[in-house]
Amino acid sequence: MNLNMIIMAAGNSSRFALENKLLAEFHGKPLVYHILSAVREAGELLAREGFLVKLILVSRYESVMNLGREQGFYCVWSEESKDGISYTIKNGIKACDGGAFIFFTADQPCLKGESIVRLIKETIASGLSAGRVSDGEREGNPVIFMEEYREALIGLSGDMGGARLLKGKKYHVCQIEARELCDADTREAFLELSKLSE
């Protein structure tokens, strides 16, 4: 089975203030480095089990793409992403082979590779067409969609994310630790997450 693991790293960081948050230092490395490493680790584990894994990074920042290339990601330039996340999703899918699409946000530095593997394997085993993670109280990223969602994902527009496609649908929920679900959406959240991870 083909697994297309897509990191979405093309946002505006508008709530983070002056700098590109993906390059902000988090425990000695750029923030985005941590999700790159977790996804690569998960991809390696899954490849050993016979899955055909493609690691994809969608961005409009050359410095971020360079970090992705260093970890073996196929990088997709997405200038249109400044107009909404749907463009990041579409451009990521264009680079995909058939199979499943797993979408990651780039600002979740505590997500573990083993949790990614569980999400994917549990969703496949469930026979459902989609799955996402939860800490027991709230759901979040990453999210996995099977091939039948391709056209619906491509049909998203503006700042619509893929999660809206799950409304009213049955999908698998994989339990992970609360801190894994946390993202560094604002500078305050980034600082709080840094303390939680010490």
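Residues numbered from 1 in each chain as written. Predicted model: local features only at pLDDT ≥ 70, side-chain atom pairs only at ≥ 80, totals over all residues. Heavy atoms only, no water.

Peer 1: Before we go on, may I ask you to explain the side chain of Gln71 in this structure?
Peer 2: Looking at the element boundaries, Gln71 is found in the loop between helix H2 (62–70) and strand S5 (74–77). Relative accessible area serves as the criterion here: at 11%, Gln71 is assigned to the buried category. In terms of polar contacts, Gln71 uses its side chain to reach the side chain of Ser37, at 3.2 Å. A polar atom in the side chain of Gln71 sits 2.6 Å from the side chain of Arg40. Beyond its immediate stretch of four places on either side in the chain, Gln71 contacts Tyr33, Leu36, Ser37, Arg40 and Leu55. (Helix = DSSP H or I, 4+ residues; strand = E, 2+ residues; numbered from the N terminus. Buried < 20%, exposed > 50% of the residue type's maximum accessible area, 1.4 Å probe, protein only. Polar contact = N/O pair within 3.5 Å; in protein donor to acceptor, adjacent residues only side chain to side chain. Contact = heavy atoms within 4.5 Å.)

Peer 1: Can you help me understand the pairing of S5 in this one?
Peer 2: Consecutive side chains along a regular strand alternate between the two faces of the sheet. In this sheet, S5 lies alongside strand S4 (residues 52–59) in parallel orientation, the contact comprising 4 bridges. Paired with Ile56 across the two strands is Tyr74, which belongs to S5. Chirality of the crossover, the property in question, places the unit of S4, H2 and S5 among those that are right-handed. (Pairing = 2+ DSSP bridges. Right-handed = clockwise from strand over helix to strand, strands pointing away.)

Peer 1: Help me out: how do you make sense of helix H1 (residues 31–48) in this one?
Peer 2: Because an α-helix packs 3.6 residues into every turn, residues spaced three or four apart end up facing the same way. A rise of 1.5 Å per residue sets the reference length of H1, with its 18 residues, at 26 Å; its end C-alpha atoms lie 27 Å apart and thus fit the reference within 8%. Taken as a whole, H1 has its buried residues at Leu31, Val32, His34, Ile35, Leu36, Ser37, Ala38, Val39, Ala42, Gly43 and Leu46. Gly50, located one to two residues past H1, shows a positive phi value of around 100 degrees. (Expected span 1.5 Å × (residues − 1).)

Peer 1: How should the sheet that holds S5 be read in this particular structure?
Peer 2: Strand pairing in a sheet relies on backbone hydrogen bonds. The paired strands run either parallel or antiparallel. The mixed open sheet is built from 7 strands, whose spatial order is S5-S4-S1-S6-S8-S7-S9. Of all the strands in the sheet, just S5 and strand S9 (172–175) have a single pairing partner and so form its edges. On average, each strand axis in the sheet is tilted by 25 degrees relative to the strand beside it, whichever way the strands run. Of the strand pairs in this sheet, strand S7 (residues 130–134) and strand S8 (residues 139–145) are connected by 5 bridges, and their pairing is antiparallel. Considered in S8, the bridge of Arg132 is made with Val143. Contacting strand S1 (2–9), S4, S5 and strand S6 (100–105), helix H3 (residues 85–94) crosses the sheet at an angle of about 145 degrees to S1. (Axes fitted to C-alpha atoms, helices over the stretch in contact; angles between N-to-C directions.)

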